[in-house]
Structure formats: structure tokens, C-alpha cells
Amino acid sequence: MIADEPIPEQWPWLFNGFRRYCVKYARRNFHGVRLSKSSAPLPLDGAPILIAANHPSWWDPITFFILSRDFTSCQHYGAIDAQAVEKYRFMKRAGLFPVEMNSVRGAAQFLRTGQAILKRDHVVLWITGQGQFVDVRQRPLGFRSGVGHLAARMTRGWVLPLAVEYPFWNESKPEVLARFGPPIAVKDHGNRDGKAWTTQIEAEVTQTLDALNAEAMTRNAGQFTSMIRGRVGVGGVYDLWRRSTAWITGRRFDASHEAPS
């Protein structure tokens, strides 16, 4: 039995401040942050939630900070590579705890800390199950066993699948797309071991990601709820010409690519 570790110290003002920064940063760098309207309802009963996601991009932690706004009255945590903490030390006080990758000691540390977090009410722990950047089209997803062993140590709460991707649609900036799969009640699988949990979690995230991929290919923003609206247009001489043309013809200028020239 792995002993619990103390809960990582988190400064709420720093977490909230960094989340606001993530919103502004995403607005500058993406056309929009969108959550699928077909996402499963979120489990907001106060029980602990383990969110297991795919890991396509450097942007994933920023996406998670933005999505965390939908989990009201919850405290949020996540694991981060111990080497990355050396570059971004403030993240340790924003709810991200360092984990030594690819070592037995790091795996044990991850389980101890994760287990301690998920014993509390009103907490959400965000985990990328693949442990490294993986293209959204790769199958199988190749989840590592840590997320399953952590789920096996939960005595209550939920495991929530999450799929994310960052496609380019019709504007110069990409989209952030996310979709939550059906939550898995821990109480319904009390005797499941870590290997079985990993298999199910990977299957559920795969199914959620397949559905998100299909929605992404439609390029239909109407299938999503816009959480953040970013910038449109190319800028520079190109938009200056279009703005001037709109003024001359008496039309309202729309910087989006699909607007009339």
C-alpha cells in the first residue's frame, strides 16, 4: 500500500491569475476555444474527478486551465514533468505538481500525490494519459498505466474522459476543440485493477476523440459552444486593403476570411 503524501500547496490567487492569463493568451493565438455541444454532462456533485485526456500539444495545460472554468467550486491540480518545473517554477503554486518521468520513483510519487488529492471533495485532477505528445490520428492512443493505477486507488468519485485537438479551419489561426466523454462512476468498478482501468480509460478517450475528430472535419462551429472568441483576419497590408474597400463601398468591415472582400 502506497502511503499518502501531503496535498501540494496551491495559491488560489496565483491559480486564478494564471487562468485569466491563459484566457487572454488563447484569445491572441486562436480563432476560438470551443466545447462540443455533444459533450456528456459534467459530474458536479462534489465528488473527486479524475480527468484523463489525450496529449496532442504543448497547449494542453492552457486548454485545461480554460476548461476548468466549467467546474464551479472545485480546486484543480495536474501533473507536470519535473524538468519543466525548472523552467516554470511558479506552476508548483498554481496547482501543478512535479513528477519525475520514466522512473519507478516518479511513478510512485505520482500515485501517492494523486491518491492524496482524489480523497478530497470538490477537487479535479487533470492527467494526460499518454505521457508524451501524440498526434490525434494515432491509434491506439497508447495510454500509460499510471492513470489506470490511480483510478484503481480511488474509492469514490468519477473518471472523466476528455478529447482535445487544435485544427485549422477557415481562418489564419487554429481552433481549440474539446469534448468530454461519459463520466465513469468509480463506485461501479470497485474491484477493477489498474490494468483493467487503463484499458477502459483508453477506450473511452479513444471513442471521445473519434467523435471529436468527426466534428472537427465538418468545420461547423455550430456544433460547439464558444468559450472564447479569438482574433480573426490576417492583419497587415491584406486587412488594410479589405478595410479600405469596405469603407469606400459603405460596408461594415468584417476581418474574418469568409467575409466578402
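Worth saying up front: this structure is predicted, and the values here are computed from it rather than measured. (Residues numbered from 1 in each chain as written. Predicted model: local features only at pLDDT ≥ 70, side-chain atom pairs only at ≥ 80, totals over all residues. Heavy atoms only, no water.)

Caption draft 1: Here's a closer look at the nonpolar core. Ranked by internal contacts, the top residues of the largest apolar core, which has 35 residues, are Ile51, Ile66, Phe71, Trp126, Leu162 and Phe180. Mapped by element, the contributors of at least two residues to this core are α1 (12-29), β1 (32-36), β2 (49-53), α2 (60-67), β5 (123-128), β6 (158-165), β7 (175-180) and β9 (224-229). Filtering out sequence-adjacent residues up to four positions away, leucine 162 remains in contact with Ile51, Ala52, Ala53, Asn54, Phe64, Leu67, Trp126, Ala178, Arg179, Phe180 and Val205. By size, the runner-up hydrophobic cluster in this structure holds 32 residues, among which are Leu50, Leu118, Leu177 and Ile201. (Core = buried A, V, L, I, M, F, W, Y, C linked by side-chain atoms within 4.5 Å. Buried < 20%, exposed > 50% of the residue type's maximum accessible area, 1.4 Å probe, protein only. Helix = DSSP H or I, 4+ residues; strand = E, 2+ residues; numbered from the N terminus. Contact = heavy atoms within 4.5 Å.)

Caption draft 2: Molecular detail of the packing of aromatic side chains. Inspection of the entire model under this criterion finds 13 aromatic pairs. Geometrically, the ring pair formed by phenylalanine 30 and tryptophan 59 is edge-to-face, given 4.7 Å between the ring centres and 75° between the ring planes. Of this pair, phenylalanine 30 sits in the loop between α1 and β1 while tryptophan 59 sits in the loop between β2 and α2, and the two are 29 residues apart along the sequence. Residue class for tryptophan 59 comes out buried when judged on its relative accessible area of 18%. Feature note: the residues Phe15, Phe18, Tyr21, Tyr25, Phe30, Trp58, Trp59, Phe65 and Tyr166 constitute an aromatic cluster, connected by ring pairs. The positively charged end of arginine 192 is found above the aromatic ring belonging to tryptophan 197, 5.2 Å away from the centroid. (Phe/Tyr/Trp six-rings, centres within 6.5 Å; stacked < 30°, edge-to-face > 60°. Lys NZ or Arg CZ within 6 Å of the ring centre and 35° of its normal.)

Caption draft 3: Just the environment of glutamine 83, in detail. With respect to the helices and strands, glutamine 83 occurs in helix α3 (residues 82-85). Residue classification places glutamine 83 among the exposed positions, given a relative accessible area of 62%. Sequence spacing of glutamine 83 and glutamate 100 is 17 residues, and the spatial spacing of their C-alpha atoms is 7.6 Å.

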